[in-house]
Amino acid sequence: MVSVFQPRMLQGRLAEDECHIEELQAAIGHGEEPRMLDPITVWWGGDIYYVVDGHHRLTAYDRQKVTTDIPVEVFEGTLDQAMAHSAALNSKNRLPMRLEDKLNYAWRLVLVSSLSKRQIVDSCGVANGTVGEMRSVKAKLLEDPATTVEDLQSLSWKDARMNSRGVAAKELTCPEAAVRKRAERYVKSILRAVKDRPFVDPEAFAMALVMLDERLPSVLMQTDAWGDAFRETVEGLRNDLESARDLAALWDNEDDY
């Protein structure tokens, strides 16, 4: 249940995520005389309250040993409405959702909620056509009697779409275990060395990579990891363009009345 209210996939943005929490910790200050942040949004699930929005704030409070008098707002509504509300709030948060996060959360809503296409589009900030494709992919994958909705929840939107086309996406996209272990060690070294500088000063960081070795951008682009990231970025730009066209068409229709 908790995971349905965390639209962001934190893996792959560790530096940005950690720096955001550290900034929140600094804003809270000393645990004995803390300064309170914006209210955390919670939803009553019938047994306990679940955090709909404010996971980073909650982590920051916990690290600062603040456990009482934390401001909260209670969202009243159904589970579907709470999930949509979570996506909408996170889309506007100070730590923006990446396109991949928005697509995966929209895919999750298509799988487990009864929300309309327009509600999912408005909540997640994805294109109307994308949600329509998600519904088609869901229907196609469920044609296999051995496949359940629970099975589909284990797939990202990218993997689900590839599987619907007959491609074993997970086999293609998951790196070898040895490569992943080395990558995890590199992540720790990079975090210690540069922290959030790639996000704060991306132009200089990119130039530094070129200065290190002018062949490096070309070498990186030939890897599966960077190649996939590049294609996802291009797809994101296309989705943004499609969303803009949908919005423009909506405005045109309203002008007709």
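Residues numbered from 1 in each chain as written. Predicted model: local features only at pLDDT ≥ 70, side-chain atom pairs only at ≥ 80, totals over all residues. Heavy atoms only, no water.

Asks: Sorry if this is basic, but what is going on with the side chain of Lys138 here?
Replies: With respect to the helices and strands, the residue Lys138 is situated in helix α6 (residues 128-141). Buried and unpaired, Lys138 has no salt bridge, with Asp80 as the nearest side chain of opposite charge at 10 Å. A polar atom in the side chain of Lys138 sits 3.1 Å from the backbone oxygen of Val110. Leave out the neighbours within four places in its chain, and Lys138 touches Trp107, Val110, Leu111 and Leu152. (Helix = DSSP H or I, 4+ residues; strand = E, 2+ residues; numbered from the N terminus. Buried < 20%, exposed > 50% of the residue type's maximum accessible area, 1.4 Å probe, protein only. Lys, Arg positive; Asp, Glu negative; His and termini not counted. Salt bridge = Lys/Arg side-chain N within 4 Å of Asp/Glu carboxyl O. Polar contact = N/O pair within 3.5 Å; in protein donor to acceptor, adjacent residues only side chain to side chain. Contact = heavy atoms within 4.5 Å.)

Asks: So what exactly am I meant to see when it comes to the pairing of strand β2 (residues 49-53) here?
Replies: With four of five residues buried, β2 lies mostly within the body of the structure. Inspection of the sheet shows strand β1 (residues 40-44) paired to β2 by four bridges, in the antiparallel sense. Bridging across to β2, Thr41 finds its partner in Asp53. Taken together, β1 and the strand that follows it, β2, pair antiparallel across an intervening segment of four residues, in which Gly46 is found at a positive phi of about 100°. (Pairing = 2+ DSSP bridges.)

Asks: Whenever I open this one, the environment of Glu18 confuses me. Can you help?
Replies: Among the secondary structure elements, Glu18 is positioned in helix α1 (residues 14-28). Along the primary structure Glu18 and Lys195 are separated by 177 residues, whereas in three dimensions their C-alpha atoms are 8.9 Å apart.

Asks: Would you mind showing me how to read the side chain of Gln25 here?
Replies: Note on placement: Gln25 falls in helix α1. Here Gln25 falls in the buried class, since its relative accessible area comes to 15%. Engagement of the side chain of Gln25 in a polar contact is seen with the side chain of Arg63, the distance being 3.3 Å.

Keep in mind these numbers describe shape, not what the thing actually does.
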